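This is what each chain is made of:
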Amino acid sequence: MSKGRPNSMNNYGILLSELGFDRGFLDHLREDYLTPLASLLYPEWVGPSGLDSHRAFSVSYQLEGDTQLSYHFDNAEVTLNVCLGTSFTGGELSFGPMAGEPGSLWKQRYTHRRGRGLLHRGRQRHQAHPITSGKRVNLIIWMRSSSVRNRQCPMCGEEPSLVTCDGYGDGFTSTTSDRDTHNLCRTL
Ligand SMILES: O=C(O)CCC(=O)C(=O)O
Ligand SMILES: [Fe+2]
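Residues numbered from 1 in each chain as written. Chains lettered and ligands numbered in written order. Predicted model: local features only at pLDDT ≥ 70, side-chain atom pairs only at ≥ 80, totals over all residues. Heavy atoms only, no water.

A.B. asks: Residue-level account of the coordination of the iron ion (ligand 2), with values.
C.D. replies: Every protein donor of the iron ion (ligand 2) is listed here as His72 (NE2), Asp74 (OD) and His126 (NE2), and their distances to the metal cover 2.1 Å. Site description for the iron ion (ligand 2): donor spacing in sequence, H-x1-D-x51-H. Taken together, the residues Asp74 in the loop between strand 2 (69-72) and strand 3 (78-85) and His126 in strand 8 (residues 124-128) connect sequence positions 52 residues apart. Looking at Asp74, the relative accessible area reads 2%, which means it is buried. According to the relative accessible area criterion, His126 is buried, its value standing at 5%. (Donors = N, O, S within 2.8 Å, 3.2 Å for Na, K, Ca; no water. Helix = DSSP H or I, 4+ residues; strand = E, 2+ residues; numbered from the N terminus. Buried < 20%, exposed > 50% of the residue type's maximum accessible area, 1.4 Å probe, protein only.)

A.B. asks: Run through the site of ligand 1, naming residues and quoting values.
C.D. replies: Not every one of the 17 residues close to ligand 1 is listed here, only the nearest: Tyr61, Asp74, Asn81, His112 and His126. The side chain of Tyr61 places a nitrogen or oxygen atom 2.5 Å from an oxygen atom of ligand 1. Here an oxygen atom of ligand 1 sits 3.0 Å away from a polar atom, N or O, in the side chain of Asp74. Considered on its own, ligand 1 offers 290 Å² of accessible surface; in the complex 99% of this is hidden by protein. Broken down by secondary-structure element, the contributors of at least two residues to the shell around ligand 1 are strand 1 (53-62), strand 2, strand 8 and strand 9 (131-144). Per-element tally for the shell around ligand 1: the top contributor is strand 9, with four residues. Taken together, the residues that form the shell around ligand 1 break down as eight nonpolar, seven polar and two charged. (Near = heavy atom within 4 Å. Polar contact = N/O pair within 3.5 Å; in protein donor to acceptor, adjacent residues only side chain to side chain. Areas by Shrake-Rupley, 256 points an atom, 1.4 Å probe, with all protein chains shown as cover. Nonpolar A, V, L, I, M, F, W, Y, C, P; charged D, E, K, R; others polar.)

A.B. asks: So what about the UniProt feature "domain: Fe2OG dioxygenase" (unreviewed entry) in the protein chain? Which residues, and what values?
C.D. replies: In the UniProt entry, the feature "domain: Fe2OG dioxygenase" (unreviewed entry) is given for residues 52-145. Taken end to end, residues 52-145 has its terminal C-alpha atoms 6 Å apart, with 0% of it in helix and 62% in strand. (UniProt positions renumbered as here; feature names shortened; annotations may be inferred.)

A.B. asks: Would you mind going over the packing of aromatic side chains in detail, with residue names and values included?
C.D. replies: Under the criterion given, the structure shown has two aromatic pairs. Between the aromatic rings of Phe21 and Phe25, the centroid separation amounts to 6.4 Å while the plane-to-plane angle is 65°, which identifies the pairing as edge-to-face. Taken together, the positions of Phe21 and Phe25, both in helix 1 (residues 21-41) and four residues apart, correspond to about one turn of that helix. Judged by relative accessible area, Phe21 falls into the partly exposed class, the value being 35%. Summarising the aromatic geometry, the rings of Phe57 and Trp142 are spaced 5.1 Å apart at their centres and angled 90° between planes, so their arrangement reads as edge-to-face. (Phe/Tyr/Trp six-rings, centres within 6.5 Å; stacked < 30°, edge-to-face > 60°.)

A.B. asks: Can you tell me about the side chain of Gln127, naming the residues and giving the values?
C.D. replies: Here Gln127 is to be found in strand 8. In this structure Gln127 touches Leu69, Ser70, Tyr71, Glu92, Leu93, Ser94 and Trp106, once residues within four positions along its chain are discounted. (Contact = heavy atoms within 4.5 Å.)

Below, the structure is given as structure tokens:
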């Protein structure tokens, strides 16, 4: 079975679409629960299309492997980050300014607790601090709004130039095609 990396930053983890979780479970969770919640908190990032696609994966940290994640923003409009376990010390998440805003001062530092989830704007920059013992596994759902990202690709900063692909791709939709296709931005 082929296995992709969860994202371009983490080496250890699983893409949930490869396990068949999208249609039966994650689509429903995103459409019926997370989009209404995110619409209340971050209406400008949900937009008229709603959060209409996602990329979901697990990330795993332990001393032998990935221990931390450097400062970044997500290829997502809204992200859900749920700590699945197991037991660990360290590995807190710090948040700074939005991408494109000046400054690097940490605004908040969040300590993960097993079973608890955190919803945040994908473009708020963040960092996972080094784990100091144990193993931490988190479920990350990057949720995309085609109406927001079709105007400007969050990663290249341009109006996206699209190539079609299977599945949700990076969550763009083609306005010229009859089909509601989800596409990749060519420059990524
Ligand atoms: O490890 C974490 O808690 C954060 C992971 C993350 O930011 C990401 O995968 O985009
Ligand atoms: Fe992230």
